[in-house]
Amino acid sequence: MRDLEFAPRTFLASLNSEEREALQRLGIRRSFQRGAAVMFQDEPDERVIILSTGRVKVTHVDHAGHEMLLSIRDPGDVLGELAFIDSQPRIATVTTLEPVEALVMAAETFRRHLESTPRVAVVLLEVVVRRFRETTLKRAQFSASDTMGRLAARIVELAERYGDSSDAGVTITSPLSREDLAAWTGASRAGVEHALQSLRELGWVETERREFLVRDLEALRARAA
């Protein structure tokens with residue numbers, strides 16, 4: 001796999017160049033346009049996808065038809081790992097937030113590769129455990145926080161992952177629409193807009209359509225706690 005910049009702590013970032021090259025020989029490279037669904041909730045386990053460039057969102061629709069945004073995945077992340085591990089239908093849909101290049105391989109091919117490369121299998125296990133831990137912490141936070149607290153937590157996460165620091169604060173060019181941000185926060189769009197207005201009035205953030213200037217990151221962290 002050619003030398004690309006992968007997000008920290010992702011699957012590919014934790015592998016060495018020889019291990020990434022070996023993975024490349026197992027699948028085919030695919031390009032996806034922005035807004036393309038690359039995996040679907042409830043489909044069977046057939047493929048594993050590893051992002052090379054571009055970001056995607058992972059969403060789940062419950063029995064009442066409410067869409068929840070579970071996470072954002074970055075370059076270097078592996079997709080479809082849960083269905084791959086337990087051979088159950090997928091629990092979420094994966095949609096591109098921007099143009100994406102990815103390595104697509106058959107789940108059985110990936111399984112055979114992991115059986116012969118224990119270190120790569122351990123790296124995948126570490127990724128799965130880290131995601132489970134993050135999901136557990138977010139679930140606890142959701143049960144204890146109001147909309148503003150949950151929104152503050154999401155903005156802090158965006159700042160830590162994608163922020164560009166300057167004397168003015170931390171600038172975030174978000175991959176998410178306002179609807180996505182609401183689904184990630186677990187609130188209505190109107191509720192998120194109201195919370196954003198409150199954060200602006202406090203002087204903690206300034207907002208444009210998909211851009212935030214975080215003026216007081218520590219205040220947001222405290223509000224999110």
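Along each chain, the written sequence defines residue order, and numbers are assigned to residues from 1. In view of the model being predicted, local features appear only for residues whose pLDDT reaches at least 70, and side-chain atom pairs are presented and counted only at 80 or more, with totals across whole chains, interfaces and linings using the full set of residues. Heavy atoms throughout the structure, all of them, feed into the side-chain values; hydrogens and water do not.

## Some details on the packing of helix α5 (residues 147-162) against helix α8 (residues 217-224)
Put simply, the rule is: Interaxial angle, 0 to 180 degrees, is taken between N-to-C directions of lines fitted to C-alpha atoms, where a helix line uses only the stretch in contact. Each helix is a run of H or I in the DSSP string that is no shorter than four residues. Each strand is a run of E no shorter than two, and both are numbered from the N terminus. Should an angle lie under 35 degrees it is considered roughly parallel, over 145 roughly antiparallel, and from 65 to 115 roughly perpendicular; all remaining angles are considered oblique. Put simply, a crossing is left-handed when the front helix is turned counterclockwise from the back one by less than a right angle, and right-handed when it is turned clockwise. In what follows, residue pairs with any heavy atoms lying within 4.5 Å of each other are defined as contacts. As a working rule, the residues Ala, Val, Leu, Ile, Met, Phe, Trp, Tyr, Cys and Pro are called nonpolar, Asp, Glu, Lys and Arg charged, and the rest polar, with Gly in that last group.
Following both chains from N to C, one finds α5 and α8 inclined at 135 degrees, their axes separated by 8 Å at the closest point. One way to sum up the angle between α5 and α8 is to call them oblique. When you trace α5 past α8, the crossing you get is left-handed. In this structure, α5 uses M148, G149, A152, A153, I155, V156, A159 and E160 to contact α8, whose residues at the interface are L217, L220, R221, R223 and A224. The class makeup of the residues in the contact of α5 with α8 is 9 nonpolar, 1 polar and 3 charged.

## Some details on the packing of aromatic side chains
Applied cut-off: Only rings of Phe, Tyr and Trp enter the pairing, Trp through its six-membered ring, and a pair is recorded when the two centres are within 6.5 Å. The plane angle decides the type: under 30 degrees is stacked, over 60 is edge-to-face, the rest tilted. Three exposure classes are used, based on accessible area relative to the maximum for each residue type with a 1.4 Å probe and protein chains only: buried under 20%, partly exposed in between, and exposed over 50%. Geometrically, a lysine NZ or arginine CZ counts as sitting over a ring once it is within 6 Å of the ring centre and also within 35 degrees of the ring normal.
Scanning the model with the defined rule gives 2 aromatic pairs in all. Both rings, one in F11 and one in F110, keep their centres 6.3 Å apart while their planes meet at 90 degrees; by these two values the pair is edge-to-face. One end of the pair, F11, is in the segment before α1 (17-24); the other, F110, is in helix α3 (residues 107-116), and 99 residues separate them in sequence. Assessed through its relative accessible area of 1%, F110 is described here as buried. Taking 5.1 Å as the distance between ring centres and 50 degrees as the angle between the ring planes, the aromatic pair formed by F84 and F110 counts as tilted. Taken as a pair, F84 in helix α2 (residues 81-86) and F110 in helix α3 lie far apart in primary sequence, 26 residues in all. Counting every residue linked through ring pairs, the aromatic cluster contains F11, F84 and F110. Above the face of the W184 ring, R154 is positioned so that its terminal group lies 5.2 Å from the ring centre.

## Quick look at the pattern of salt bridges
Put simply, the rule reads: Here, a salt bridge means any Lys or Arg side-chain nitrogen found within 4 Å of an Asp or Glu carboxyl oxygen.
For the coordinates displayed, the defined rule picks out 20 salt bridges. Here R29 ties to E101 by a salt bridge, and the two come within 3.9 Å at their closest N and O atoms. In this pair, R29 sits in strand β1 (residues 28-32) while E101 sits in strand β8 (residues 100-106), placing the two residues 72 residues apart along the sequence. For R178, the salt bridge goes to E193, with nearest N and O atoms at 3.4 Å. Taken as a pair, R178 in helix α6 (residues 178-185) and E193 in helix α7 (residues 189-201) lie far apart in primary sequence, 15 residues in all. Judged by its relative accessible area of 26%, E193 falls in the partly exposed class.

## Concerning the nonpolar core
Note the following rule: As used in this record, nonpolar core signifies buried Ala, Val, Leu, Ile, Met, Phe, Trp, Tyr and Cys residues forming a set joined through side-chain atoms within 4.5 Å.
Counting residues in each nonpolar core, the largest one holds 31 residues, and the members touching the most others are L151, I155, I172, L199, V214 and L220. If you list the elements that add at least two residues to this core, you get β5 (67-73), α5, β10 (169-173), α6, α7, β12 (211-214) and α8. Of all the elements, α5 adds the most residues to this core, at 9 residues. In contact with I172, not counting residues within four places along its chain, are I155, L158, A159, Y162, G163, R210, E211, F212 and V214.

## Observations concerning the environment of T93
Where we set the bar: Polar contact is the term for a pair of N or O atoms within 3.5 Å; when the atoms are in protein, one must be able to donate a hydrogen and the other to accept it, and sequence-neighboring residues count only if both atoms are side-chain atoms.
Along the polypeptide, T93 turns up in strand β7 (residues 93-96). Given the relative accessible area of 16%, T93 is considered buried. As a C-alpha pair, T93 and A187 span 94 residues in sequence and 19 Å in three-dimensional space. Residue contacts for T93: discarding those within four places in its chain leaves M39, F40, Q41, K57, V58 and T59. At 3.0 Å, the side chain of T93 forms a polar contact with the backbone nitrogen of Q41.

## Quick word on the pairing of β5
Put simply, the rule is: Two strands pair if DSSP finds at least two bridges between them.
The pairing of strand β4 (residues 56-61) with β5 spans 6 bridges and is antiparallel. Pairing of H60 across the sheet is with M68, part of β5. Taking the residues that link successive antiparallel strands as the turn, the β4-β5 hairpin has 5 residues, and the phi of G65 there is positive, at about 90 degrees.

Honestly, it's all geometry; don't read function into it.
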